[in-house]
Amino acid sequence: MGSYDITGPAADVNMMGYANAEQIASGIHFRLKARAFIVAEPNGKRVVFVNLDACMASQLVTIKVLERLKARYGDLYNENNVAISGIHTHAGPGGYLQYVVYIVTSLGFVRQSFDVIVNGIEQCIVEAHNNLHPGKIYVNKGDLLDAGVNRSPSAYLNNPAEERSKYQYNVDKEMTLIKFVDDELGPVGSFNWFATHGTSMSRTNSLISGDNKGAAARFMEDWAEQNGMPKQGAHVTKDGLEYLHKISGLPRRVSSIIPEPNEITDDLVQLASSYEASGGRRLSGSSITRRIRSSQQNKPKFVSAFCQSNCGDVSPNVLGTFCIDTGLPCDFNHSTCNGKNELCYGRGPGYPDEFESTRIIGNRQFLKALDLFNSASEEIQGRVDYRHTYLDFSQLEVNVPSSTGGEQVVKTCPAAMGFAFAAGTTDGPGAFDFEQGDVKGNPFWRLVRNLLKTPGKEQVECQAPKPILLDTGEMKEPYDWAPSILPIQIIRIGQMVILCVPGEFTTMAGRRLRDAVKEVLTSDSSGEFNDIHVVLAGLTNTYSQYITTFEEYQIQRYEGASTLYGPHTLSAYIQEFQKLATAMVANKEVPTNFQPPDMLDKQIGLLPGVMFDSTPPGVKFGDVSSDVPASSTFGKGSTVNATFYSACPRNDLLTDGTFALVEKLDGSNNWVPAYDDDDWSLRFKWSRPAKLSPRSFATLEWTIPEDAPSGVYRLRHFGASKPLLGSIKHFTGTSRAFAVR
């Protein structure tokens, strides 16, 4: 197992997911990570699966990671046995994909976003490689009922009634988990797959966040840390979990060097009042900011990943969709309110607080994963294997059943996006007068489209009934707008089979693909695949938007309009995955005739760099501009704030470090770190007084956890400033102290 920080630039960069140009990062809710597992047969094959706290995988990221792995390990890790999958948070920095349409709102390519992800993936794989030990793997699965609803139910209903009747729900409720147990250290981690969108945080949120899946991973890793995992002869008890949930809605991430809670007395309040704000001071480097939990680098850490599956039509906003003007439910077929789609929003379980919705949906996934983890008993046995190929999805020939009962050959199309794409979804509606379920398009937007690229007759017919808004597959200036060469991949670990797909399959599309592959594998007469578990890993290795069923495509809701390669996209995937599965059963290699383009040298980035940072005369970086009130005492659950004169977080991402720290006074009058910007309870918010101002502020906002030890605390900010001339300098500053009772 391995993990590494991939948080990225916490300022100025557009967030990836909602395509909302105004959603610009300005702080950190909690940090993002890349998490990896490597499973190897002794002297045999091995596979790597990486789960990213990012919106999706990127073809360019995958290409560059594979280049680095080749330089480091030769042919040990390559495109065939490495899978890189995104969790689909919509609250991470964008600009790291190579195709134009995915980086328009981020003002093109953002090198800083790209580099931190490539580096983080490499580092987590290196860590996993160095951690390889003998051990066992277990698989378990079970239903989680209240973490996702279908956001395009009218499209789902267009699937055949006979097919729908086979399933109890209109979204997949099953979570599949694999548990890793080191022979010496005991449990060292788990990865699970469950379908729900990373859209608990809204399109107006500006704090970097792993959304519900990132939160679930945090909670599970914290729980493991509190239970002393990994450790010799580890044993997990459920009582520990119940106690944990009694004392706090959330597990605590806190350093182990903090002493036990002590009673608050007047002396302590007086002691707190004797510590004034420190004022800003320079640091010789950024090493001081290494994160609390980085201090235990020499021991293996517990790694828990919550991976994405066929989430295409699954929303975590489980309360339903409502009109923000009337409070009434939205129109069922088009998700509009009086014909306007921008008024229709889904509500999460913590409505109207998106942080609370994120916590609840994350916590539900965490509790389910923990239950599966604790009760996992089916041991994974058998071979490690994999198959991978690249395909040109713009012109694949596909055999499909004909209306007469025979077969006919159809083709996929060059990529194109329909009018309903611009309507967005109920998780984040689009603007203007687009609506979901639009099979006509309107004259004004056709005119706008034609200025960019008028689709030809063949393309219009191929994509029908989709009215084409953007003919992205045929737009090549200044470089490709959409991918055509895509990877598909199967990874096998004993009776666990992972289908790695480069997009978002809807619920029914995912079911059809899993069933088709399972049918091929279980038809093997040897019986080797009889008890297999097939999961679908979405958003893996690259990104190509959505994949609906043929029937859902006809309705042209958002997902259908975003199914790039036409109505037969899913049939193409099923046909080609069946070929991979057939090759796996027959133990044959799969040839590949294509390679995806590496367009790093063509990338255009229009986001300006940091010019310089400044403070008012007589003020130093790290000085407090708004302090904690003097002689103050706070109770559990209340929030403490302090604001510091700061500088742009893009000057140094403080990767594996922290911009924000809560420190506690110990018995020897030393300040020890207690919570940092990777904690749920501490938020780092960054702002400028005006758009182009060289001045900026950092606000640290700590909501005191119910289980925080009583005592004397203060807030500390770290940052790095850039002068007009000269090199970047690191700084720190603290608030005045306060008592927590």
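Here the structure is a predicted model, which means the values were calculated and not measured.

This brings us to the UniProt feature "active site" (unreviewed entry) in the protein chain. Residues annotated by UniProt as "active site" (unreviewed entry) correspond here to Ser315. The residue Ser315 is located in strand β14 (residues 314-315) in this model.

Okay, a nonpolar patch on the surface next. Taken together, the side chains of Met611, Phe612, Leu724 and Leu725 make up a nonpolar region of the molecular surface, amounting to roughly 490 Å² of accessible area. Structurally, Leu725 can be placed in the loop between β37 (711-721) and β38 (729-734). Residue classification places Leu725 among the exposed positions, given a relative accessible area of 74%.

What UniProt calls "binding site: Zn(2+)" (unreviewed entry) maps, in this numbering, to His88, His197, Glu504 and Tyr546. A compact arrangement is adopted by the annotated residues: their sequence extent is 459 residues, whereas the largest C-alpha distance between any two is 12.7 Å. Looking at the element boundaries, His88 is found in the loop between β6 (82-86) and β7 (92-93). The residues contacting His88, other than those within four sequence positions of it, are Ala54, Cys55, Met56, His197, Gly198, Gln308, Cys311, Glu504 and Leu539. In this fold, Tyr546 is placed in strand β29 (residues 546-547).

Okay, the nonpolar core next. Counting 131 residues, the largest nonpolar core has Val50, Tyr96, Ile121, Ile125, Phe577 and Trp702 as the members making the most contacts within it. With nine residues, helix α2 (residues 111-130) is the single largest residue contributor to this core. With 26 residues, the next largest nonpolar core counts Val39, Ile380, Val384 and Cys500 among its residues.

Turning to the pattern of salt bridges, a few remarks are in order. Under the counting rule described, the total for this entry stands at 37 salt bridges. For Glu163, the salt bridge identified is with Arg512, shortest N-O distance 2.7 Å. Of the two residues, Glu163 is situated in helix α4 (residues 161-164) and Arg512 in helix α11 (residues 507-522); the sequence distance between them amounts to 349 residues. Taking relative accessible area as the criterion, Glu163 reaches 13% and is therefore assigned buried.

Attention now goes to the confidence of the model for the protein chain. Confidence along the protein chain averages 93 in pLDDT terms, with 94% of residues attaining 70 or more. Per-residue pLDDT stays below 50 along residues 232-262; that stretch engages in 70 contacts with residues further than four places along the chain or on separate chains.

An order of β18-β25-β26-β28 is seen for the four strands of this open sheet, with the pairing classed as mixed. Looking along the sheet, the strands with just one partner apiece sit at the ends: β18 (384-392) and β28 (533-537). With strand direction ignored, the average angle separating the axes of adjacent strands in the sheet is 15°. Pairing analysis gives five bridges linking strand β26 (residues 496-500) to β28, with the strands arranged parallel. Bridged to Cys500 within β28 is Ala537. Running over the sheet, helix α14 (residues 569-586) touches β18, β25 (485-493) and β26 and is turned about 40° from β25.

Let us look at the packing of aromatic side chains. Counted according to the given criterion, the structure contains 31 aromatic pairs. The structure contains a cluster of three or more aromatic residues connected by ring pairs, namely Phe37, Phe49, Phe180, Phe191 and Trp193. Sitting over the ring of Phe373, Lys179 keeps its end group 4.4 Å from the ring centre. Directly above the aromatic system of Phe355 lies the positively charged group of Arg683, at a separation of 3.7 Å from the ring centroid.

Once that is clear, we can look at the packing of helix α5 (residues 211-226) against helix α8 (residues 354-375). Packing of α5 against α8 brings their axes to within 7 Å, and their N-to-C directions diverge by 50°. Considering their axes alone, α5 and α8 lie oblique with respect to each other. In this structure, the crossing between α5 and α8 has a hand that is right-handed. Taken together, the residues of α8 that come into contact with α5 (itself represented by Asp211, Asn212, Lys213, Ala215, Ala216, Phe219, Met220 and Trp223) are Thr358, Arg359, Ile361, Gly362, Asn363, Gln365, Phe366, Ala369, Leu370, Phe373 and Asn374.

Analysis parameters
Residues numbered from 1 in each chain as written. Predicted model: local features only at pLDDT ≥ 70, side-chain atom pairs only at ≥ 80, totals over all residues. Heavy atoms only, no water. UniProt positions renumbered as here; feature names shortened; annotations may be inferred. Helix = DSSP H or I, 4+ residues; strand = E, 2+ residues; numbered from the N terminus. Patch = residues over 30% accessible without salt bridge, like charges linked within 9 Å, V, L, I, M, F, W, Y side chains within 5 Å. Areas by Shrake-Rupley, 256 points an atom, 1.4 Å probe, with all protein chains shown as cover. Salt bridge = Lys/Arg side-chain N within 4 Å of Asp/Glu carboxyl O. Buried < 20%, exposed > 50% of the residue type's maximum accessible area, 1.4 Å probe, protein only. Contact = heavy atoms within 4.5 Å. Core = buried A, V, L, I, M, F, W, Y, C linked by side-chain atoms within 4.5 Å. pLDDT = per-residue confidence, 0-100. Pairing = 2+ DSSP bridges. Axes fitted to C-alpha atoms, helices over the stretch in contact; angles between N-to-C directions. Phe/Tyr/Trp six-rings, centres within 6.5 Å; stacked < 30°, edge-to-face > 60°. Lys NZ or Arg CZ within 6 Å of the ring centre and 35° of its normal. Parallel < 35°, antiparallel > 145°, perpendicular 65-115°, else oblique. Left-handed = near helix turned anticlockwise from the far one by under 90°.

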